[in-house]
Amino acid sequence: MVIGETVAAIALVKGAVDAVGKTIETVKDISEVGHHLDSMFRGYDEIKRRELKQAVDRKKKKPVGKWQTYIKARFGEQQEEEPDGLSIAEISELVIQKKQMQKEMARMSHMLNVKFGPGTWNEIIETRNKRIKEYHRQQAEMQLARENAIKAQREKLNKILKECAKGLFVILAIGLV
């Protein structure tokens, strides 16, 4: 995982939470902090995407992050290099980043529930998850429709080519007679 991008994503979440914290007392409805929530979820989603990408790209060598550097310096270099994803430094960096994210999300949850009533955060999360699920369902339907259209177009083209071949055969047969 590129540490600079991860730090930027965490900073985005933290900045959004801080901005909501500064304005939460003066807002009249949730729409006034909506763009901050969007920023927070963008940062959260970015970290999740990177985490998934890191799981897939274990074979590629990754740059050393700040927590990895600290832990290696603190505990000394390992005699043998461990495979990617298995070093204590890399694992601890991932755990610490997740904890930072969870802390900021819990802070946001508390602020919104205090201001707008219990369950506000859960309702936001549930609605967001439903919309994401619906979006993915629609994307899958659109992809299926595109694939079906391509398949139908290929079948039509094959039929036209067969008919042309039949016509050419008939013309050749008539010409030979």
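Our structure is the block above this text.
Residues numbered from 1 in each chain as written. Predicted model: local features only at pLDDT ≥ 70, side-chain atom pairs only at ≥ 80, totals over all residues. Heavy atoms only, no water.

Undergrad: Before we go on, may I ask you to explain the overall build of the protein chain in this structure?
TA: A tally of regular secondary structure across the protein chain gives five helices and zero strands. Walking the protein chain from its N terminus toward its C terminus, one meets helices and strands in the order α-α-α-α-α. Partitioning the contacts of the protein chain with sequence separation of at least 6, the portion at a separation of at least 24 is 73%. In the form shown here, the protein chain has an accessible surface area of approximately 13,000 Å², with 61% of it arising from carbon and sulfur atoms. (Helix = DSSP H or I, 4+ residues; strand = E, 2+ residues; numbered from the N terminus. Contact = heavy atoms within 4.5 Å. Areas by Shrake-Rupley, 256 points an atom, 1.4 Å probe, with all protein chains shown as cover.)

Undergrad: Sorry if this is basic, but what is going on with the packing of aromatic side chains here?
TA: The tally for this structure, following the rule as stated, stands at one aromatic pair. When the centroid spacing of 5.9 Å and the interplanar angle of 10 degrees are considered together, the rings of F41 and W121 count as stacked. With F41 in helix α2 (residues 34-56) and W121 in helix α5 (residues 120-176), this pair connects stretches of sequence that are 80 residues apart. This pair shows no difference in class: F41 is buried, exactly as W121 is. (Phe/Tyr/Trp six-rings, centres within 6.5 Å; stacked < 30°, edge-to-face > 60°. Buried < 20%, exposed > 50% of the residue type's maximum accessible area, 1.4 Å probe, protein only.)

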